[in-house]
Amino acid sequence: MVQKTSEPRVTIIPATRDVISQRKSRRCNKIRVAAYCRVSTDSEEQLNSYESQKRTYTQKIAENPEWEMAGLFADEGITGTSLQKRTEFNRMIAACKRGSIDIILTKSLSRFARNTVDCLETVRMLKARGIGVIFEKENIDTLTQSSEFIMTLFSGFAQAESESLSKNVTWGKQKSMEAGHVAFQYRALLGYQKGADGKPEIVESEAQIVRRIFRSYLDGSSLADIKRMLDSEGLPTARGVKTWSHQVIRNILTNRPLAKLS
């Protein structure tokens with residue numbers, strides 16, 4: 001009796017397209033390119049840079065016949081050391097997850113993120129979806145095989161630079177205060193202006209608003225009560241806005257220079 005041998009089972013594993021092939025497969029259609037730019041302070045010089053970056057990327061994407069604009073995302077006057085406060089960055093990532101973006105253009109690693117862990121996690125997540133990030137300054141395309149090592153290196157440098165700068169700024173402010181020099185942000189400080197001698201000078205009309213805020217609070221009014229009072233009377237904040245927020249009122253109540261006015 002001849003015993004039948006069972007035929008060997010063959011498991012077919014479908015080929016996996018790599019992320020480079022995914023990009024090439026889109027050549028028949030235009031590649032959806034988004035640009036991300038950011039400036040780290042709200043100084044006039046940096047805001048000019050911010051506007052310049054927006055114009056540059058709009059023009060660059062428009063001039064490439066294989067590209068189409070998928071969005072221009074720009075965070076203004078926000079630190080790059082954390083992703084939590086970067087509204088436009090997070091909105092861009094959400095668009096990537098919806099499949100609306102193929103490539104992200106950005107000036108440099110330091111503009112994208114100064115935290116190495118956040119940078120690598122974000123890039124890996126995007127790469128897994130076939131989305132590349134092109135860092136112009138470092139000439140890095142994250143969809144290439146060699147990009148991750150270079151990115152780790154540059155991100156580490158960028159993070160160290162950010163931490164060093166933060167420490168230097170803190171040290172500088174501390175030494176300045178020890179010497180009796182205090183920097184006042186007059187644009188955001190209700191009740192004071194810079195006097196002719198360079199020292200703070202009380203603006204009486206604004207000081208009256210500050211005094212009312214403190215007196216109302218000491219009389220038992222909540223932040224919501226104070227906000228309703230200020231809004232109903234159309235009183236302006238330090239920036240001239242006539243709609244108050246709880247945070248602005250809280251900042252006034254916890255600001256020592258303003259407490260002296262009360």
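Residues numbered from 1 in each chain as written. Predicted model: local features only at pLDDT ≥ 70, side-chain atom pairs only at ≥ 80, totals over all residues. Heavy atoms only, no water.

1. Considering the overall build of the protein
Rule in force here: Numbering of helices and strands starts at the N terminus; helices are DSSP runs of H or I of at least 4 residues and strands are runs of E of at least 2. Three exposure classes are used, based on accessible area relative to the maximum for each residue type with a 1.4 Å probe and protein chains only: buried under 20%, partly exposed in between, and exposed over 50%. Residues are treated as being in contact if the distance between any of their heavy atoms lies within 4.5 Å. Note that accessible areas follow from Shrake-Rupley with a 1.4 Å probe, and for residues the cover is restricted to the protein chains shown.
Helix and strand counts for the protein come out as 10 helices and 7 strands. Looking at the protein as a whole, 35% of its 262 residues qualify as buried. Contacts in the protein between residues at least 24 apart in sequence constitute 60% of all its contacts with a sequence separation of at least 6. About 16800 Å² of surface is accessible on the protein, with carbon and sulfur atoms providing 52% of the total.

2. Side note on the environment of Lys97
Residue position: Lys97 is located in helix α3 (residues 87-97). Of the residues examined, Lys97 reaches a relative accessible area of 52% and is grouped as exposed. Measuring from C-alpha to C-alpha, the distance between Lys97 and Met125 comes to 9.2 Å, with 28 residues separating the pair along the chain. Apart from the residues within four sequence positions on either side, Lys97 is in contact with Met125 and Arg129.

3. Some words on the environment of Glu206
Note on placement: Glu206 falls in helix α7 (residues 204-218). Of the residues examined, Glu206 reaches a relative accessible area of 25% and is grouped as partly exposed. C-alpha separation for the pair Glu206 and Gly191, spaced 15 residues apart in sequence, amounts to 4.5 Å. The residues touching Glu206, leaving out its near neighbours within four places in the chain, are Leu189, Leu190, Gly191 and Tyr192.

4. Considerations on the pairing of strand β4 (residues 132-135)
Spelled out, the test is: Paired strands, as defined in this entry, are two strands with at least two bridges between them according to DSSP.
Neither face of β4 is exposed, since Gly132 and Ile134 on one face and Val133 and Phe135 on the opposite face are all buried. Hairpin remark: β4 followed by strand β5 (residues 140-141), antiparallel, with 4 residues in the connecting loop; positive phi at Asn139, about 55°.

5. Section: unusual backbone geometry
In this structure, Asn139 takes a positive phi of about 55° despite not being glycine. Assignment of secondary structure puts Asn139 in the loop between β4 and β5.

6. Some points on the environment of Val241
Residue position: Val241 is located in the loop between α8 (223-233) and α9 (246-253). Among the residues examined, Val241 registers a relative accessible area of 41% and is labelled partly exposed. Separated by 10 residues in sequence, Val241 and Asp231 place their C-alpha atoms 9.9 Å apart.

7. Observations concerning the nonpolar core
We apply this condition: Buried residues of nine kinds, namely Ala, Val, Leu, Ile, Met, Phe, Trp, Tyr and Cys, make up a nonpolar core once their side-chain atoms join them within 4.5 Å.
Formed by 21 residues in total, the largest nonpolar core has its most connected members in Tyr36, Met92, Ile101, Ile104, Phe112, Leu126 and Phe135. Within the residue set of this core, elements represented by two or more residues are β1 (31-39), α3, α4 (109-112), α5 (116-128) and β4. Apart from residues no more than four positions distant in its own chain, Ile101 is found in contact with Arg32, Ala34, Ala70, Phe73, Met92, Ala95, Cys96 and Ile131. Ranked by size, the runner-up nonpolar core spans 14 residues in total, among them Met229, Leu230, Leu235 and Trp244.

8. What about the confidence of the model for the protein?
Note the following rule: By definition, pLDDT measures how confident the predictor is in each residue, and it falls between 0 and 100.
Taken as a whole, the protein shows an average pLDDT of 76; of its residues, 63% reach a score of 70 or greater. The spread of mean pLDDT over the elements of the protein runs between helix α1 (residues 19-25), the lowest at 49, and strand β3 (residues 103-106), the highest at 94.

9. So, the packing of aromatic side chains
How we decide: Stacked, tilted and edge-to-face are the three classes applied to pairs of Phe, Tyr and Trp rings, where Trp contributes its six-membered ring and a pair requires centres within 6.5 Å; stacked means planes under 30 degrees apart, edge-to-face means over 60, and tilted covers the rest. The criterion for a charge sitting over a ring is simple: Lys NZ or Arg CZ within 6 Å of the ring centre, and within 35 degrees of the ring normal.
The final tally for this structure, using the stated rule, is 3 aromatic pairs. Taking the centre distance of 5.1 Å and the plane angle of 70° together, the rings of Phe89 and Phe112 count as edge-to-face. Here Phe89 is found in helix α3, whereas its partner Phe112 is found in helix α4, with 23 residues between them in sequence. For the pair Phe89 and Phe112, a shared accessibility class is recorded, and that class is buried. For the ring pair Phe112 and Phe135, a centre distance of 5.4 Å and an interplane angle of 85° mean the geometry is edge-to-face. Of this pair, Phe112 sits in helix α4 while Phe135 is found in strand β4, placing the two residues 23 residues apart along the sequence. Overall, Phe135 belongs to the buried group, its relative accessible area being 0%. Put simply, the rings of Tyr36, Phe89, Phe112 and Phe135 pair up and form one aromatic cluster. One residue, Arg86, lies across the ring of Phe89, its end atom 4.4 Å from the ring centre.

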